[in-house]
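Architecture at a glance
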Amino acid sequence: MSTPQASTKPVSAASAPNIDSMLKEKRIFKPSAAFAKASRIGSMKKYKKLHRASLKNPDKFWGKAAEELTWAKPWKKVCVWKPPFAEWFVGGKINASVNCLDRHLTGPLRNKAALIWEGEPGEVVTLTYQQLHREVCLMANVLKKHGVEAGDRVVVYLPMIPEAVIAMLACARIGAPHSVVFSGYSAEALKERVNDCGAKIIITSDGGFRRGSALGIKRNVDEALLGTPKVKSVLVVQRTKQEVIMHPGRDFWLHEETQLVSSKCPAQPFDSEHPLFILYTSGSTGKPKGILHTTAGYLLGCHLTTKYLFDLKPEDVYFCTADVGWITGHSYVAYGVLSNGGTSLLYEGVPNHPEPDRFWRLIDKHKVNIFYTAPTAIRSFIKWGDEWLAPHDLSSLRLLGSVGEPINPEAWMWYHDKVGNKRCPIVDTWWQTETGCHMIAPFPGATPLKPGSATLPFFGIDAAVVDDDGNEVPVNQGGKLVIRRPWPSMLRTIYGDAARYRKTYWSEIKGCYFAGDGARRDKDGYFWIVGRIDDVLNVAGHRLGTSEVESAIVSHPDVAEAAVVGRPDELKGQAVVAFVTLKNGVLHSKALKDALRAHVGKEIGPIAKPDDIRFTDMLPKTRSGKIMRRLLKEVAASPNGEIKGDTTTLEDLGILAKLQKSED
Ligand code: PRX
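Computed from a predicted model, the values in this text were never measured in an experiment.

In this section: the overall build of the chain. Tallying secondary structure elements over the chain gives 19 helices and 31 strands in all. A compact globule built from 664 residues would reach a C-alpha radius of gyration of about 26 Å, and the chain, at 24 Å, matches this within 12%. By principal-axis analysis of the C-alpha atoms, the chain measures approximately 70 × 55 × 50 Å. Contacts spanning at least 24 positions in sequence make up 72% of the contacts within the chain whose residues lie at least 6 apart. Roughly 25300 Å² of accessible area belongs to the chain as shown, and the carbon and sulfur atoms make up 53% of that amount.

The subject of this paragraph is the layout of surface pockets. Size it by volume and the second largest pocket reaches roughly 440 Å³. Forming the boundary of the second largest pocket are 19 residues, of which E135, E163, I166, V237 and Q238 lie nearest the centre. Of all the secondary structure elements, the ones that give two or more residues to the lining of the second largest pocket are β6 (124-128), α5 (129-145), α6 (162-174), β12 (233-237) and α9 (254-257). Taken together, the residues of the lining of the second largest pocket sort by class into 11 nonpolar, 3 polar and 5 charged.

The next subject is the pattern of salt bridges. Applying the stated criterion across every chain yields a total of 46 salt bridges. For the salt bridge of R250 with D222, the shortest nitrogen-to-oxygen distance reads 3.0 Å. Of this pair, R250 sits in the loop between β12 and β13 (251-253) while D222 is found in helix α8 (residues 218-224), placing the two residues 28 residues apart along the sequence. Overall, R250 belongs to the buried group, its relative accessible area being 16%.

The next point concerns the site of the ligand. Around the ligand, 16 residues are found, and the nearest of them are D428, T429, Q432, T433 and D517. One of the backbone N or O atoms of E405 is found 3.3 Å from a nitrogen atom in the ligand. Protein contacts shield 88% of the accessible area of the ligand, which totals 540 Å² for the unbound molecule. Of all the elements in the fold, those that place two or more residues in the shell around the ligand are α11 (327-339), β21 (426-429) and β26 (527-532). Considered class by class, the residues forming the shell around the ligand number 6 nonpolar, 5 polar and 5 charged.

Sheet architecture is open: 3 strands sit in the order β1-β4-β14, paired in antiparallel fashion. Each of the sheet's edge strands pairs with one partner strand only, and the pair in question is β1 (71-73) and β14 (270-271). Looking at chain direction, strand β4 (residues 93-94) and β14 are connected through 2 bridges and run antiparallel. Across the sheet, K93 pairs through a bridge with D271, a residue of β14.

A separate point is the nonpolar core. Counting residues in each nonpolar core, the largest one holds 122 residues, and the members touching the most others are F89, L132, L143 and Y335. Among the elements that take part in this core, α6 stands out by supplying 10 residues, more than any other. Not counting chain neighbours up to four residues away, the residues in contact with F89 comprise W62, G63, A66, W71, W75, K77, V78, S272, A296, G297, L300 and P488. Counting residues in each nonpolar core, the second largest holds 31 residues, with F359, L362, Y415 and C424 among its members.

All right, on to the state of the cysteines then. Here a disulfide denotes one covalent bond, and it connects the sulfur atoms of two cysteines. Applying the stated rule across the entire model yields 0 disulfides. With no disulfide partner, C302 has as its closest neighbouring cysteine sulfur the one in C437, 5.7 Å distant. For the unlinked cysteine C512, the closest cysteine sulfur is that of C79, found at 15 Å.

This brings us to the packing of aromatic side chains. According to the stated counting rule, one finds 40 aromatic pairs in the structure shown. Centre to centre, the rings of F371 and Y415 are 6.5 Å apart; their planes meet at 65 degrees, and the pair counts as edge-to-face. You can see F371 sitting in strand β19 (residues 370-373) and its partner Y415 sitting in helix α14 (residues 409-419), a full 44 residues away along the chain. Like Y415, F371 is buried. Here the aromatic residues Y47, F61, W62, W71, W75, W88, F89, Y308, F443, F458 and F459 are joined through ring pairs into a cluster of three or more. Over the ring of Y185 we find R193; its NZ or CZ atom is 4.6 Å from the centre of that ring.

The next thing to look at is the environment of K73. By the element assignment, K73 lies in strand β1. Counting along the chain gives 586 residues from K73 to L659, while the straight-line C-alpha distance between them is 57 Å.

Take V565: it is sitting in strand β29 (residues 559-569). In this structure, the C-alpha to C-alpha distance between V565 and P610, residues 45 residues apart in sequence, is 9.5 Å. The contacts of V565, once residues within four sequence positions are left out, are L537, A575, V576, V577, F579, R629, L632, K633 and A636.

For any part of a model where pLDDT is low, the fine detail of the predicted coordinates should not be relied upon. In the predicted model, the chain carries a mean pLDDT of 92, and 93% of its residues have values of at least 70. Across residues 1-16, where pLDDT falls below 50, the model places 33 contacts with residues more than four positions away in sequence or in other chains.

A word on unusual backbone geometry. Excluding glycine, most residues fall at negative phi; most peptide bonds, likewise, are trans. Each neighbour pair has its own omega, and for P83 with P84 the value is 0 degrees, a cis peptide bond. Positionally, P84 belongs in the loop between β2 (77-82) and β3 (85-90). That bond from H353 to P354 is cis: its omega, -5 degrees, falls within 30 degrees of zero. Take P354: it is sitting in the loop between β18 (343-347) and α12 (358-366). One non-glycine residue, F89, lies in the positive phi region at around 55 degrees. If you trace the backbone, F89 turns up in strand β3. Although it is not a glycine, T455 sits at a positive phi angle of roughly 70 degrees. Following the sequence through the fold, T455 ends up in the loop between β21 and β22 (463-466).

Let us now look at the environment of S339. As for its position among the elements, S339 is in helix α11. With 156 residues separating them along the chain, S339 and S183 place their C-alpha atoms 25 Å apart. Those residues in contact with S339 that lie beyond four places of it in its chain are L69, N99, C100, R103, H104, L299 and H303. Only 2.4 Å separates the side chain of S339 from the side chain of H303, close enough to count as a polar contact.

Another aspect to go through is the packing of helix α16 (residues 546-554) against helix α17 (residues 590-603). It is the contact of α16 with α17, at a shortest axis distance of 9 Å, that shows an interaxial angle of 120 degrees. One element, α16, and the other, α17, form an angle in the oblique class. Handedness of the α16/α17 crossing: right-handed. Residues V549, A552 and I553 of α16 form the contact with α17, whose own contacting residues are H599, V600 and E603. Grouping the constituent residues of the contact of α16 with α17 by class yields 4 nonpolar, 1 polar and 1 charged.

Moving on, we come to the packing of helix α13 (residues 375-384) against α14. Closest axis-to-axis distance for the α13/α14 pair is 10 Å, and the angle between their directions is 70 degrees. For the element pair α13 / α14, the angle class is roughly perpendicular. Facing I378, R379, F381 and I382 of α13, the residues of α14 in contact are A411, W414 and Y415. A class-by-class count of the residues in the contact of α13 with α14 yields 6 nonpolar, no polar and 1 charged.

Each value, and the rule that gives it
Residues numbered from 1 in each chain as written. Predicted model: local features only at pLDDT ≥ 70, side-chain atom pairs only at ≥ 80, totals over all residues. Heavy atoms only, no water. Helix = DSSP H or I, 4+ residues; strand = E, 2+ residues; numbered from the N terminus. Rg over C-alpha atoms; globule rule 2.2 N^0.38 Å. Contact = heavy atoms within 4.5 Å. Areas by Shrake-Rupley, 256 points an atom, 1.4 Å probe, with all protein chains shown as cover. 1 Å grid on protein atoms, 1.4 Å probe; cavity = no way out; pocket = protein on both sides within 12 Å on 5 of 7 lines; lining within 4 Å. Points joined across faces, edges and corners; volume = space filled by probe spheres on them. Nonpolar A, V, L, I, M, F, W, Y, C, P; charged D, E, K, R; others polar. Salt bridge = Lys/Arg side-chain N within 4 Å of Asp/Glu carboxyl O. Buried < 20%, exposed > 50% of the residue type's maximum accessible area, 1.4 Å probe, protein only. Near = heavy atom within 4 Å. Polar contact = N/O pair within 3.5 Å; in protein donor to acceptor, adjacent residues only side chain to side chain. Pairing = 2+ DSSP bridges. Core = buried A, V, L, I, M, F, W, Y, C linked by side-chain atoms within 4.5 Å. Disulfide = S-S within 2.5 Å. Phe/Tyr/Trp six-rings, centres within 6.5 Å; stacked < 30°, edge-to-face > 60°. Lys NZ or Arg CZ within 6 Å of the ring centre and 35° of its normal. pLDDT = per-residue confidence, 0-100. Axes fitted to C-alpha atoms, helices over the stretch in contact; angles between N-to-C directions. Parallel < 35°, antiparallel > 145°, perpendicular 65-115°, else oblique. Left-handed = near helix turned anticlockwise from the far one by under 90°.

So, in structure tokens, the structure goes:
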């Protein structure tokens, strides 16, 4: 490691050559012999052999893998790659809803639970594959009755209720790409997305239960529709029975419409590359990007990763806590699990209603075997306290998953010890809306785990950490995380903006896909995500990933959560500012600030010691739980804590006012 150099002018962190990586995690957890024996990939030898073969001859690997799907017509060519545009399984015809439903109806899976849903007030609905199939056919016929044809976009604006999954599959059945908009988004955000994709129809509900009350959802649609001239019909699910205004000729109750149509809806086969859905990512700046995924490649990615990385077994109850409004809710609540004939548990509400033990209650009650959640949730559980777990039997769990952000090693350890009772492998999955499915993640029966690392790439994925010229950086040096060849579930374009697609993902590093993350690889080839490249700090010539500094702070026993940003500094380029949330019951103090600074100095080195620590009750997060460092940067840099940036994707606006006053 070089000695820190004083710099007199601020340097753009994102354009400097490398990222220094200083946090060294030494703990390793090997899969138990019993888990390895029972899993599909039971040794590193097997993983390495298959991974090598998949890269040596990708067409052979993906072609063979695609035989696991049910095709209406076989493909002629596995991949046609005209950079940066890919087509997969060219010439083939397929229907995603057939793969998730119909193909399971001819055998014993027919009467198996496909979905188990629990509403926030506590009611439970179970739909077998047969029943789900019927509901999907009914909704598909209602869509047809309202003039929806293959290729027409359908916006789905629903809470976490079974109809959200039914709507996605009904769209897939008739070849109408769905665009699910998170039901917590405002009327304005909905309007922008509806107009961008040009939808003629919206599926929504009167409301949904959240934090103990019935939230209005339909009223946002009414407001959005004042500015969406193309929308002709709105189908409304009755969930809360609250009062809503129904506009005659435009708004229809779904339960009335399904009475008027047949429950038979033969699935049409579509080209492999037929658009399956558009999902908008909000990003930190600019207009949301409509990420377009197509049918066969996406489905194959979801199918394979669910099968191998979650090691899904026929008897498993699988619980993913993500909302259907995010990619995780598409790939790992719906498509991946159902295509494998699995049982997916859906929960409508928040994790702390009526008490902070709701997830543990759900796991105990439904005997969940696989639990997939996000680091932001794990850090909340830690903050709420271990006592909430104690009364519940979590012994049904056999595998835990993590997604959405780098998981701090201490949060990993807590998840492992307290939730998994030291028995369950943690599958930390690195991927993105754009990648469609998991890209870097451990095989639970094979890969030795290192807390905080997403470990190694999935089959067929050629991931690397490179400098700005595309050359791989040395071991343990940070750089840009890229994928060097196409893969079936990759996004195909940004809807309506191919030039932005090319520029955003394929122009930064020649010939490679780059979507903004920094990473390093250790001596075993493991990937450690150090955060978004845009957030990298440049302190006295050292480029530090935010996640490493945050992990060091979170490893202090009093801390629940931390977010680190840079503030322009005359001398060092950037000064390190840490926003810190403490565990319940711990008090703010000057002594604790000093202790935290000393702790970071010990864990990482003096260079990373925060110049400024601010205690806060909450951090600003997006609706999907990602810390909004962009806003924190503004708070840190502006003398009076003023914020001018876009706050539309912020979950709780009240946090900003608190942050501006946060103790420093
Ligand atoms: O920065 C990475 C982070 O989340 C980004 C993708 O966000 P989104 O498209 O909303 O999809 C979230 C669900 C896949 C990535 O660029 N990220 C996601 N998973 C991880 C992660 N960072 C580190 N480790 C992960 N496991």
